[in-house]
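Architecture and fold: a report
Each chain is listed here by its residues.
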Amino acid sequence: MDSGKSDGGGFSGPAGWLARPAGWWAWAVLGIVLGAAALRIVYRVPDGGMDNAIVVRAAEAWLDGRSPYADRHFLYLPGAVLAAVPQAVFPEVARVVVPVGVVGALASGWFCALRIRGVALRSRFAVLGLLGLVMGFAPFVHLVELGNWTVASALALPVALLCVCRGRWGTAGAVIGVAVAVKPLLVPVLLLFVFARKWRALGVAVLVPVVVSVLAALVLPDPGAFFTRTLPFLLRGEDRFVRLYEASPAAVLPRVGVPAVVASVLAGGGACVGVWCAWRRWLAPGPWAGAQVGARSGGGEPGAGRVVETAAALMLAAFLVSRPSYDHYLLVVLPLLLAGGLGAGASLVRVPWFWVALVPQVPGFVWVGVEALPQRAFKDAFTLCVLAGVVFWWCAVAGRRRGAVLPPSVPGPSVGGVGSVAGGRALPGAPRSRPFP
């Protein structure tokens, strides 16, 4: 990247152009695309999406005095039953609110990811990045079509990591806890609190879903069914319909002749490697671990790269071994990674294999031999495994990278974080960093 300042917040060249404010026409195009993605589902799907309908049926079953866990495809904690009651009572409203809400939550998650990196929300990068996700990453539309409650995690994780970067660990724990109470997808991120030794925040993140689940279980007719039906279903993963869409190696490899035990061991080994790499990333602060340079404020939040990449590695490690594991789970981590593409110094987004991993998810991309429904999961497994490998490698070698080396005249960073740096100079207006543990 070219050095030197410009009117793009410290950038010049292509990065400077992306950092400048977007015109009204760009926002108009983005609004039309997002609106079309939501309205198409409003008019085509009567219940807000197939996956949303599963949760709504569970709420309807509870209102009728039946157990919501009688449906083996209801894979949520008891708190999700009560959260879906308004949709069960007002189905016509849900038909509109769910698709619009999913699009709005995904867009909000993207903007939170930008704030983590200190990128101005009015920048061209903000507009074009979200357009790229909508039009160039098929799981975005899949999630809107399904109305899956994964969207809660896709919003909660950027919000929580933004709080972490600002030193608000307790708030981050509460956000994670609320998301887990709805759907336990973000449980792996609890290891981030362990790495940081933030025990009080960890307690909040654990206590919130426990309290919500216990209180909700008290009003369910058969709360124990979660342990007798749902958990065995998740552990076995024997549902033929679900298996068509599962992307984890533990589900895909047996379909090509690998023994199930061997596949599970390989997936578990990959997950363990991912956790180790996440730990390595957390232990590797330095100039390259600091925040990305912002387009408006001239600086990002302290330790943004370190926090985001550690959390992404933990989530991808879980996706490798979890049953089920779907393509739209990647929307929990991908916006966070993409938002770092505008920063100075080394960036994961500039690794060629990062983009190779995403190629099968480009709408219209045809992979001969795996396009039929029973084989679609192979494309998703390729994306998951390659992306996980790239992120794990990036985290493992973090201590040997020198993405933005400070000159001798600039004080070195503390162990926890650094201020914003561009071209070896602290940018005016860069916020003071709060040391990480």
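Below or above, wherever it landed, is the structure these notes cover.

Definitions and cut-offs
- Residues numbered from 1 in each chain as written.
- Predicted model: local features only at pLDDT ≥ 70, side-chain atom pairs only at ≥ 80, totals over all residues.
- Heavy atoms only, no water.
- Helix = DSSP H or I, 4+ residues; strand = E, 2+ residues; numbered from the N terminus.
- Buried < 20%, exposed > 50% of the residue type's maximum accessible area, 1.4 Å probe, protein only.
- Contact = heavy atoms within 4.5 Å.
- Areas by Shrake-Rupley, 256 points an atom, 1.4 Å probe, with all protein chains shown as cover.
- Core = buried A, V, L, I, M, F, W, Y, C linked by side-chain atoms within 4.5 Å.
- Patch = residues over 30% accessible without salt bridge, like charges linked within 9 Å, V, L, I, M, F, W, Y side chains within 5 Å.
- Salt bridge = Lys/Arg side-chain N within 4 Å of Asp/Glu carboxyl O.
- Polar contact = N/O pair within 3.5 Å; in protein donor to acceptor, adjacent residues only side chain to side chain.
- Expected span 1.5 Å × (residues − 1).
- Disulfide = S-S within 2.5 Å.
- Axes fitted to C-alpha atoms, helices over the stretch in contact; angles between N-to-C directions.
- Parallel < 35°, antiparallel > 145°, perpendicular 65-115°, else oblique.
- Left-handed = near helix turned anticlockwise from the far one by under 90°.
- Nonpolar A, V, L, I, M, F, W, Y, C, P; charged D, E, K, R; others polar.
- Phe/Tyr/Trp six-rings, centres within 6.5 Å; stacked < 30°, edge-to-face > 60°.
- Lys NZ or Arg CZ within 6 Å of the ring centre and 35° of its normal.

Before going further, it helps to examine the overall build of the protein chain. Summing up its helical and strand segments, the protein chain has 20 helices and two strands in all. For the protein chain, buried positions account for 54% of its 437 residues. Contacts spanning at least 24 positions in sequence make up 74% of the contacts within the protein chain whose residues lie at least 6 apart. For the protein chain, the accessible area works out to roughly 18200 Å², and carbon and sulfur atoms hold 68% of it.

Now for the nonpolar core. Counting residues in each nonpolar core, the largest one holds 125 residues, and the members touching the most others are W110, L186, L316 and F354. Among residues more than four places away in sequence, those in contact with F354 are L334, L337, L338, L348, V349, L387 and V390.

A surface patch of nonpolar side chains, amounting to about 770 Å² of accessible area, comprises L82, V206, L207, V210, V211, V214, L215, L218 and V219. Of the residues forming the nonpolar patch, the biggest block, six residues, is contributed by helix α12 (residues 199-217). Mapped onto the secondary structure, L207 falls in helix α12.

This part is about the side chain of S123. Inspection of the secondary structure puts S123 in the loop between α6 (91-116) and α7 (124-136). Engagement of the side chain of S123 in a polar contact is seen with the backbone oxygen of A120, the distance being 2.8 Å.

Given a rise of 1.5 Å per residue, 19 residues ought to cover 27 Å, and the 27 Å separating the end C-alpha atoms of α12 matches this to within 8%. Of all the positions in α12, only A201, L202, A205, P209, S213, A216 and A217 are classed as buried.

Bringing the state of the cysteines into the picture now. For the structure on display, the rule yields zero disulfides. Looking at the unpaired C163, the closest cysteine sulfur is the one in C112, lying at 8.6 Å. Of the residues examined, C163 reaches a relative accessible area of 11% and is grouped as buried.

A separate point is the packing of α6 against helix α9 (residues 150-165). As a packed pair, α6 and α9 sit with axes 8 Å apart at the nearest point and diverge in direction by 20 degrees. Judged by the angle between their axes, α6 and α9 are roughly parallel. Crossing hand, α6 versus α9: left-handed. Where α6 abuts α9, its residues V102, A105, L106, S108, G109, C112, A113, R115 and I116 lie against V151, A154, L155, P158, V159, L161, L162 and C165. Among the residues making up the contact of α6 with α9, the classes are represented as 14 nonpolar, two polar and one charged.

Moving on, we get to the packing of aromatic side chains. Given two aromatic rings, one states the distance between the centres and the angle between the planes to describe the pair. For the structure shown, the criterion picks out twelve aromatic pairs. Ring centres 5.6 Å apart and planes at 75 degrees place the aromatic pair W169 and F193 in the edge-to-face group. Of this pair, W169 sits in helix α10 (residues 169-182) while F193 is found in helix α11 (residues 190-196), placing the two residues 24 residues apart along the sequence. Here W169 and F193 have matching classes, each one buried. Through a chain of ring-to-ring contacts, three or more aromatic side chains come together here, namely Y69, F74, Y76 and W149. In this structure, R306 is placed above the aromatic ring of W282, and the distance from its NZ or CZ to the ring centre is 3.9 Å.

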